[in-house]
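Topology and contacts: notes
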Amino acid sequence: MTEKAAIEAVLAPIAAGRATVRVEGVRASIILDVTGLPEAAQDALEADIRAAAALPGIEEVRIARTAQRVNRKLIAVASGKGGVGKSTVSANLAIGLARLGRRVGLVDADIYGPSQPKIMGIEGKKPEAHDKKLVPLATPYGVPMLSMGGLVAEGQAIAWRGPMTAGALGQLVDANWGAADTLVIDLPPGTGDVQLTMIQKHRPTGAVIVSTPQDLALIDATRAIDLFAKAGVPVIGLIENMAGYACPHCGEVSDPFGQGGAEAAAAKLGVPFLGRIPLDIAIRTASDAGTPPAAGNGAEAAAFTAIAAQVHDWIETNGG
Ligand code: ADP
């Protein structure tokens, strides 16, 4: 057996296909693919490999780590104004995409009301940093997340301006997302500093706009659409939330704010209409309880799942 083959044989059970071995004289050079491994696991694996590869006749073991660059898709979720359900949609979209097989992370960049920790059932947990990078918090729904709310005391971020918000957004987006291939980013409402930094520095793959059916909200949504369109960020589509009232007693859906406004507006603006989500008390109570509907199999899950499927298709086709 050559020395190369001997080293490969001892590494096989340890490195699980991650090591590529070359031997020159007394030196073994090993390229170690650490894609998706946390820092601590990388260190442990390297130490194990270094010890195992030091077979008789080998005087030096060199190890270089590589990671296949994950071509991560950033999906920005935006709205013209607050309170339209943007955070609710972001959380359920993230879970819906994960259920379709994507590896999804959720970024709560809403400085005015970081509500994702509550919606995702991990309120009060603070993320830690390793090697100057934040480590996302696991959630019960297979979607790790980071929130502006985890970086500062409650209510403080609202006083941030330009450079501070830009720095904080950078910490969230460039965190240790590991193998995540998609980040859903819950932006603050409107067209302020966070949106501009997002667009200029992080170049989202696409944007999803959330609106309620009222005309006023739609005018605001139009501004949000314009912001992305002018910056060359593709608008994946418009979602109409609180689109009809589902009666908790009989299930009948009525339309207190009228019907079809958002769909008509989307057509006029030339952006796809991704669907409507009813105003449903079950959605509010599930969000407050930290059990997002998209994680379950109830009637409320279906609307979110259908929208997630469209966004998933869009990413597959247009995400590069
Ligand atoms: P935003 O992020 O746009 O400020 P949120 O997602 O925080 O809005 O939603 C505002 C409130 O409305 C929350 O209490 C949320 O649970 C509730 N909500 C959002 N969407 C719906 C819906 N489709 N049906 C019922 N309640 C909803």
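Residues numbered from 1 in each chain as written. Predicted model: local features only at pLDDT ≥ 70, side-chain atom pairs only at ≥ 80, totals over all residues.

1. Details of the overall build of the protein
The number of helices and strands found in the protein is ten helices and 13 strands. For the C-alpha atoms alone, the extent of the protein along its principal axes is close to 80 × 45 × 40 Å. Sequence-distant contacts, at least 24 apart, represent 74% of the contacts inside the protein between residues at least 6 apart. (Helix = DSSP H or I, 4+ residues; strand = E, 2+ residues; numbered from the N terminus. Contact = placed C-beta atoms within 7 Å.)

2. Regarding the domain arrangement of the protein
Along its sequence, the protein is organised into domain 1 (3–66) and domain 2 (73–318). Spacing between the C-alpha centres of domain 1 and domain 2 amounts to 42 Å. Facing four residues of domain 1, the contacting portion of domain 2 comprises five residues. Here the side of domain 1 that touches domain 2 is built from residues that sort into one nonpolar, two polar and one charged. (Domains from an automatic or database assignment. Nonpolar A, V, L, I, M, F, W, Y, C, P; charged D, E, K, R; others polar.)

3. Some thoughts on helix 10 (residues 299–318)
With 20 residues, helix 10 extends 30 Å between its outermost C-alpha atoms, agreeing within 8% with the 28 Å of an ideal straight helix rising 1.5 Å per residue. Residues of helix 10 that are buried: Glu300, Ala301, Ala303, Phe304, Ile307, Ala308, Val311, Trp314 and Ile315. The buried residues of helix 10 occupy one face: seen down the axis, they fall within an arc of 160°. Helix 10 presents Asp313, Glu316 and Thr317 as exposed residues on the side facing more than 90 degrees away from its buried surface. (Expected span 1.5 Å × (residues − 1). Buried ≥ 20, exposed ≤ 12 C-beta atoms within 10 Å, placed from the backbone. Arc of directions from axis to C-beta.)

4. Re the packing of helix 1 (residues 3–15) against helix 2 (residues 39–53)
Across the interface, helix 1 lies against helix 2 with an axial gap of 9 Å and an inter-helix angle of 155°. On the basis of the axis angle, helix 1 is roughly antiparallel to helix 2. Crossing of helix 1 over helix 2 shows right-handed handedness. On the side of helix 1, the interface is formed by Ile7, Val10, Leu11, Ile14 and Ala15, while helix 2 contributes Asp48, Ile49, Ala52 and Ala53. (Axes fitted to C-alpha atoms, helices over the stretch in contact; angles between N-to-C directions. Parallel < 35°, antiparallel > 145°, perpendicular 65-115°, else oblique. Left-handed = near helix turned anticlockwise from the far one by under 90°.)

5. Here's the deal with the nonpolar core
If you look at the biggest cluster of nonpolar residues, it comprises 73 residues, and the most contacted ones within it are Val77, Leu93, Ala94, Val184, Ile185, Ile209 and Val311. Broken down by element, this core gets its largest block of residues, eight residues, from helix 10. Beyond its immediate chain neighbours, meaning those up to four positions away, Val184 contacts Ile75, Val77, Ser90, Leu93, Ala94, Leu97, Val104 and Leu106. Of all hydrophobic cores here, the second largest spans eleven residues; its members include Leu11, Ala15, Leu45 and Ile49. (Core = buried A, V, L, I, M, F, W, Y, C linked by C-beta atoms within 7 Å.)

6. Some remarks on the sheet that holds strand 1 (residues 19–24)
Taken in spatial order, the three strands line up as 1-2-3 in an open sheet, and their pairing is mixed. Whereas interior strands pair on both sides, the edge strands pair on one side only; in this sheet they are strand 1 and strand 3 (60–66). Averaged over all neighbouring strand pairs, the angle between strand axes comes to 15°, with direction disregarded. Looking at chain direction, strand 1 and strand 2 (residues 27–33) are connected through six bridges and run antiparallel. Pairing of Val21 across the sheet is with Ile30, part of strand 2. The strands that helix 1 touches are strand 1 and strand 2; relative to strand 1, the one it contacts most, it runs at about 155°. (Pairing = 2+ DSSP bridges.)

7. Brief notes about the environment of Ala286
Mapping Ala286 onto the fold places it in helix 9 (residues 281–288). Residue classification places Ala286 among the buried residues on the basis of 22 C-beta atoms within 10 Å. A sequence separation of 281 residues divides Ala286 from Ala5, and the C-alpha atoms of the two residues are 56 Å apart. Setting aside chain neighbours within four positions, we find Ala286 in contact with Thr291, Pro292 and Pro293.

8. Looking at the pairing of strand 2
Of the two faces of strand 2, the one holding Ala28, Ile30 and Leu32 is buried and the one holding Arg27, Ser29, Ile31 and Asp33 is not buried anywhere. If you look at the hairpin formed by strand 1 and strand 2, you'll find two residues sitting between the two strands, and Gly25 has a positive phi there, around 60°. Looking at chain direction, strand 2 and strand 3 are connected through seven bridges and run parallel. Bridging across to strand 3, Ile30 finds its partner in Ile63. For the segment spanning strand 2, helix 2 and strand 3, crossover handedness is right-handed. (Right-handed = clockwise from strand over helix to strand, strands pointing away.)

9. Side note on the site of the ligand
The immediate surroundings of the ligand are formed by 18 residues, with Gly85, Lys86, Ser87, Thr88 and Arg284 found nearest. Looking at the shell around the ligand residue by residue, the class counts come to five nonpolar, ten polar and three charged. (Near = placed C-beta within 6 Å.)

10. Focus: the pairing of strand 11 (residues 235–246)
With nine of twelve residues buried, strand 11 lies mostly within the body of the structure. Alignment of strand 10 (residues 206–211) against strand 11, held across five bridges, turns out to be parallel. When the bridges of strand 11 are listed, Val210 appears paired with Ile239. Turn length for the strand 11-strand 12 (residues 253–254) hairpin, with the two strands adjacent in sequence and antiparallel, is six residues, and the turn residue Gly251 shows positive phi of about 85°.

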